[in-house]
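Understanding the architecture of this molecule
Residues per chain are reported as follows:
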There are 2 protein chains.
Amino acid sequence: MQQIWLSLLCGFCLRLVIFCRAEEGLEFPNFDGKDRVLDISERNYKKALKRYDLLCLFYHEPLPANKGLQKRFQMTELVLELTAQVLENKDIGFGMVDSQKDAKVAKKLGLEEVGSLYVFKDDRVIEFDGELSADTLVEFLLDVLEDPVEMLNNAMELQFTTKLMLSAKHLSLKMNEVNFYEPFMEEPAILPGRPLSEMDIVEFVNQHRRATLRKLRAENMFETWEDDMDGIHIVAFAEEEDPDGYEFLEILKDVARDNTNNPELSIVWIDPDDFPLLTTYWEKTFKLDLFRPQIGVVNVTDADSVWLDMSNDEDLPTPEELEDWIEDVLSGRVNTEDDDESADDLEDPDGYVPADSYESHDPDEEDDNDD
Amino acid sequence: MQQIWLSLLCGFCLRLVIFCRAEEGLEFPNFDGKDRVLDISERNYKKALKRYDLLCLFYHEPLPANKGLQKRFQMTELVLELTAQVLENKDIGFGMVDSQKDAKVAKKLGLEEVGSLYVFKDDRVIEFDGELSADTLVEFLLDVLEDPVEMLNNAMELQFTTKLMLSAKHLSLKMNEVNFYEPFMEEPAILPGRPLSEMDIVEFVNQHRRATLRKLRAENMFETWEDDMDGIHIVAFAEEEDPDGYEFLEILKDVARDNTNNPELSIVWIDPDDFPLLTTYWEKTFKLDLFRPQIGVVNVTDADSVWLDMSNDEDLPTPEELEDWIEDVLSGRVNTEDDDESADDLEDPDGYVPADSYESHDPDEEDDNDD
């Protein structure tokens with residue numbers, strides 16, 4: 001029993017009553033036992049849609065017969081119950097939709113991916129495909145409640161925008177123009193056509209959704225991971241609050257800016273600080289030291305991977321060296337299969353690419369990277 | 001039963017096996033049921049200290065008789081067990097020390113605060129007084145494992161440092177000099193005396209530990225909260241990733257820089273994004289809208305509070321106005337008691353300070369703020 005519960009607990013937080021503090025003002029919420037999550041059916045779904053500002057529906061497979069899996073299922077309900085309680089005053093409804101029993105409702109509502117949470121706001125549906133923890137879900141829903149358009153009223157708030165975009169020196173908008181800043185890019189793309197309709201803007205944003213450098217975030221981590229490039233991801237680990245990691249991230253941004261028009265390139269940047277519980281799992285799965293920056297290729301069907309050798313402390317790759325390596329990845333010269341153990345290469349059990357393998361490139365191909 | 005468990009679950013995360021994904025590479029750890037946390041006693045504590053690079057001891061009150069509290073106690077153990085499993089390859093030991101049964105050991109080890117986790121590394125002890133969740137604890141311990149001194153090897157890594165300090169334009173260190181940068185400050189303090197001993201540095205850092213502007217962080221949130229100023233905290237809520245919040249934070253930094261030499265002033269900055277589960281609790285307790293920046297005074301003995309009126313969207317206070325208000329707080333003119341309901345002022349049920357109350361200051365006092 002204890003084991004089953006524990007297998008589900010990762011980052012729950014508690015401040016125990018038994019360790020009383022004299023200070024007030026930092027109390028984590030305790031569940032009050034009230035059921036707030038609705039069992040959605042054909043009878044009640046329309047009413048629920050009307051009643052709340054936001055309606056969150058968790059689309060799930062039927063209750064499994066296996067007892068252990070039933071417990072896990074209950075845990076999902078508990079996450080939703082606690083989220084519902086914490087957000088009680090925010091006019092948000094919560095419900096569960098069974099993919100078998102409620103197949104008709106699911107079809108009407110357009111629910112497709114089992115295991116996802118769908119948020120209905122006004123006439124729109126937003127799919128949540130992130131870490132299903134109360135923390136992440138509450139933060140996500142509070143963001144959804146906020147107005148999606150930010151008004152920038154003064155110079156300080158404009159400065160904030162350049163900070164968020166990280167590198168844009170200044171905005172140079174023209175009247176009636178919409179600029180699109182891809183993450184980490186200095187120059188915006190200007191949306192074509194005038195006047196722009198809502199549809200034009202939505203279409204443009206959807207087309208440019210997959211950035212050249214994407215940060216993995218808890219609120220949409222599974223969505224990002226599922227959006228692989230022909231079964232692989234180029235993954236970079238870099239801790240932003242660490243000098244090495246910061247430096248490597250700056251190199252990554254350089255590379256991304258140089259290659260922003262290459263639709264075949266998208267690097268998933270993971271800051272290990274954002275995923276403490278996955279750090280050692282990644283170290284074990286990928287055979288890496290995540291105290292240092294890393295970049296590699298991960299095959300998402302079997303988590304097989306190959307990593308650029310950056311073991312020398314003083315020797316992060318230059319943007320040019322990184323571009324050479326990325327070109328080798330995109331062309332298939334570096335891939336996760338070549339290093340797999342065979343009778344011939346048992347001497348390379350860790351699957352690392354040798355550091356000097358980049359000296360052996362065809363010089364003609366290296367010339368291509370200089371533009 | 002379900003209710004008791006739930007009362008303890010806040011942010012646990014799970015990715016359910018029943019909702020199978022085809023992609024590999026993002027698996028949250030499942031507890032394997034193995035006991036790793038030691039029951040520390042006089043017999044085994046010395047051996048444990050020797051055996052591990054890090055030893056983490058949770059110092060707790062005796063197991064309570066109440067069944068509900070016993071469950072909570074078990075949850076703490078479970079957090080420690082999962083943390084121990086996740087960090088299994090890192091040579092970290094975990095143990096529990098009972099404040100009654102193991103009083104002698106606790107005294108020998110210098111454990112003082114029940115409910116705290118003590119980390120032994122080499123000859124040092126580090127107290128963890130943050131959110132007791134596996135997420136926060138794993139992140140904290142991974143940080144402790146890293147070398148506490150960062151080597152800055154090149155211009156890019158130096159740039160990282162100025163970024164972390166947020167505002168320092170450049171470092172201007174002299175040979176053999178140690179500079180101390182308080183958070184959010186542009187100018188460093190130069191440690192006096194030469195040559196500096198380790199003790200000199202430790203003493204200086206301890207003296208300057210309480211910054212004029214402190215960010216509340218999960219890893220030491222209770223420590224920060226307990227370090228109040230005569231029973232109160234000046235608390236500022238500002239979401240850094242929001243234009244208003246960003247602007248208000250810039251104003252706070254200005255005020256902090258102007259008053260960095262005032263030992264009586266320390267503002268606790270809370271970014272609501274870092275504490276999603278506490279956001280609605282704070283909104284309810286303090287009667288606030290945390291979609292907007294806020295600043296107020298909180299009495300930590302009863303969580304009574306009074307907040308500066310900033311309800312006008314266009315009207316964040318200037319640094320000067322904020323300094324006036326802070327002066328009123330420090331002098332006691334603004335306090336959490338005056339607004340409490342009495343027969344006379346039932347018309348102010350929310351305890352807000354009226355927006356125009358700052359016009360009524362003694363002009364002589366306002367002159368004091370101009371230096």
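Residues numbered from 1 in each chain as written. Chains lettered and ligands numbered in written order. Predicted model: local features only at pLDDT ≥ 70, side-chain atom pairs only at ≥ 80, totals over all residues. Heavy atoms only, no water.

An unreviewed UniProt entry annotates chain A as Calsequestrin originating from Sander lucioperca. According to the UniProt record, the Subcellular location (unreviewed entry) comment for chain A reads "Sarcoplasmic reticulum lumen". The annotation that UniProt attaches to chain A under Sequence similarities (unreviewed entry) is "Belongs to the calsequestrin family." (UniProt positions renumbered as here; feature names shortened; annotations may be inferred.)

**Digging into the overall build of chain A**
For chain A, the helix and strand inventory stands at twelve helices and twelve strands. Going through the 371 residues of chain A one by one, you find that 52% of them count as buried. Counting only contacts in chain A whose residues sit at least 6 apart along the sequence, the fraction spanning at least 24 positions is 68%. Approximately 18300 Å² of chain A is accessible, and the part contributed by carbon and sulfur atoms is 47%. (Helix = DSSP H or I, 4+ residues; strand = E, 2+ residues; numbered from the N terminus. Buried < 20%, exposed > 50% of the residue type's maximum accessible area, 1.4 Å probe, protein only. Contact = heavy atoms within 4.5 Å. Areas by Shrake-Rupley, 256 points an atom, 1.4 Å probe, with all protein chains shown as cover.)

**A few points about the environment of A:Y246**
Along the chain, the position of A:Y246 falls in helix 9 (residues 243-258). Here A:Y246 falls in the buried class, since its relative accessible area comes to 5%.

**So, the confidence of the model for chain A**
Residue and element names in this part refer to chain A. In the predicted model, chain A carries a mean pLDDT of 83, and 81% of its residues have values of at least 70. For chain A, helix 1 (residues 2-8) is the element with the lowest average pLDDT, namely 37, and strand 10 (residues 267-270) is the one with the highest, namely 98. Per-residue pLDDT stays below 50 along residues 1-20; that stretch engages in 98 contacts with residues further than four places along the chain or on separate chains. Contacts of residues 343-371 to residues separated by more than four positions or lying in other chains number 35 contacts, the stretch itself having pLDDT below 50. Among the prediction metrics, the complex's ipTM stands at 0.81, with pTM recorded as 0.83. (pLDDT = per-residue confidence, 0-100.)

**So, unusual backbone geometry**
Residues and elements named next belong to chain A. One non-glycine residue, D230, lies in positive phi territory at about 50 degrees. Mapped onto the fold, D230 is located in the loop between helix 8 (221-226) and strand 9 (232-237). Its relative accessible area of 82% is what places D230 among the exposed residues. Backbone geometry at A303 places phi at a positive 60 degrees, although glycine is not the residue there.

**Description of the sheet that holds strand 8 (residues 213-215) of chain A**
Residue and element names in this part refer to chain A. Judged by pairing direction, the sheet is mixed, and its five strands sit side by side in the order 8-10-9-11-12 without closing on themselves. Every interior strand has two partners, whereas the edge strands, strand 8 and strand 12 (305-307), have only one. Neighbour-to-neighbour, the strand axes of this sheet turn through a mean angle of 30 degrees, independent of strand direction. Summarising the sheet, strand 8 and strand 10 pair through three bridges and their orientation is parallel. In the strand pairing of strand 10, L213 is matched with I267. (Pairing = 2+ DSSP bridges. Axes fitted to C-alpha atoms, helices over the stretch in contact; angles between N-to-C directions.)

**A few points about the packing of aromatic side chains**
All names here are of chain A. The final tally for this structure, using the stated rule, is 16 aromatic pairs over all chains. With a centroid separation of 4.8 Å and an interplanar angle of 55 degrees, the aromatic rings of F128 and F140 are classed as tilted. Here F128, found in strand 5 (residues 124-128), pairs with F140, found in helix 5 (residues 134-145); they are twelve residues apart in sequence, far enough to count as distant. There is no split in this pair, since F128 and F140 are both buried. Here the aromatic residues F237, F275, W282, F286 and W307 are joined through ring pairs into a cluster of three or more. (Phe/Tyr/Trp six-rings, centres within 6.5 Å; stacked < 30°, edge-to-face > 60°.)

**A closer look at a negative patch on the surface**
Judged by side-chain charge, A:E24, A:E27, B:D302, B:E337 and B:D338 come together as a negatively charged surface patch. Topologically, B:D302 is positioned in the loop between strand 11 (294-299) and strand 12 (305-307). Here B:D302 falls in the partly exposed class, since its relative accessible area comes to 44%. (Patch = residues over 30% accessible without salt bridge, like charges linked within 9 Å, V, L, I, M, F, W, Y side chains within 5 Å. Salt bridge = Lys/Arg side-chain N within 4 Å of Asp/Glu carboxyl O. Lys, Arg positive; Asp, Glu negative; His and termini not counted. Charge placed at Lys NZ, Arg CZ, Asp CG, Glu CD.)

**Side note on empty space enclosed by the protein**
Scanning all chains against the criterion turns up eight cavities of 30 Å³ or more. In this structure, the largest cavity encloses a volume near 120 Å³. As for the largest cavity, its lining consists of 13 residues, and the residues nearest its centre are A:E239, A:P272, A:D273, A:T279 and B:L142. When residues of the lining of the largest cavity are traced back to their parent elements, those giving at least two are helix 10 (276-286) of chain A together with helix 5 (134-145) of chain B. If you add up the space inside the second largest cavity, you get close to 100 Å³. What lines the second largest cavity is a set of 13 residues, and nearest its centre among them are A:L142, B:E239, B:D273, B:T279 and B:F291. Residue composition of the lining of the second largest cavity, grouped by class: five nonpolar, one polar and seven charged. (1 Å grid on protein atoms, 1.4 Å probe; cavity = no way out; pocket = protein on both sides within 12 Å on 5 of 7 lines; lining within 4 Å. Points joined across faces, edges and corners; volume = space filled by probe spheres on them. Nonpolar A, V, L, I, M, F, W, Y, C, P; charged D, E, K, R; others polar.)

**Digging into the sheet that holds strand 2 (residues 54-60) of chain B**
All names here are of chain B. The strand order across the open sheet formed by five strands is 1-3-2-4-5, and the pairing between neighbours is mixed. Of all strands in the sheet, those bounded by a partner on one side alone are strand 1 (37-39) and strand 5 (124-128). With strand direction ignored, the average angle separating the axes of adjacent strands in the sheet is 25 degrees. Pairing geometry for strand 2 and strand 3 (residues 92-98), over seven bridges, is parallel. Bridging from a neighbouring strand, L54 pairs with I92 of strand 3. Most of the contacts of helix 3 (residues 67-86) go to strand 3, to which it runs at about 165 degrees, and overall it touches strand 1, strand 2, strand 3 and strand 4 (117-121).

**A few points about the pattern of salt bridges**
Side-chain pairs of opposite charge can arise where the charged atoms are in close proximity. The tally for this structure, following the rule as stated, stands at 27 salt bridges over all chains. For A:R210, the salt bridge goes to A:D227, with nearest N and O atoms at 2.7 Å. Pair noted here: A:R210 is in the loop between helix 7 (198-207) and strand 8 and A:D227 is in the loop between helix 8 and strand 9, with a separation of 17 residues, a long-range link. B:D227 is the salt-bridge partner of B:R214, the closest N and O atoms lying 2.8 Å from each other. Of this pair, B:R214 sits in strand 8 (residues 213-215) while B:D227 sits in the loop between helix 8 (221-226) and strand 9 (232-237), placing them 13 residues apart in sequence. A single network of salt bridges, built from pairs that share partners, joins A:D32, A:K34, A:R36 and A:E88.

**Looking at the pairing of strand 5 of chain A**
Residue and element names in this part refer to chain A. The pairing of strand 4 (residues 117-121) with strand 5 spans five bridges and is antiparallel. Each residue of the ladder has a partner; that of F120, found in strand 5, is V125. Counting the residues between successive antiparallel strands, the hairpin from strand 4 to strand 5 contains two residues, one of them, D122, with a positive phi of roughly 50 degrees.

**Regarding the packing of helix 3 (residues 67-86) of chain A against helix 5 of chain A**
Residue and element names in this part refer to chain A. For the pair helix 3 and helix 5, interaxial distance at closest approach is 9 Å and the crossing angle is 45 degrees. The pairing of helix 3 with helix 5 is recorded here as oblique in orientation. For the element pair helix 3 and helix 5, the recorded crossing hand is right-handed. Residues V79, L80, L82, T83 and V86 of helix 3 form the contact with helix 5, whose own contacting residues are A134, L137, V138 and L141. (Parallel < 35°, antiparallel > 145°, perpendicular 65-115°, else oblique. Left-handed = near helix turned anticlockwise from the far one by under 90°.)

**Re the pairing of strand 4 of chain B**
One face of the sheet, then the other: side chains in a regular strand alternate in exactly this way. With five of its five residues buried, strand 4 of chain B lies for the most part within the structure. What you see with strand 4 of chain B is no split at all: B:L117, B:V119 and B:K121 on one side and B:Y118 and B:F120 on the other are buried throughout.

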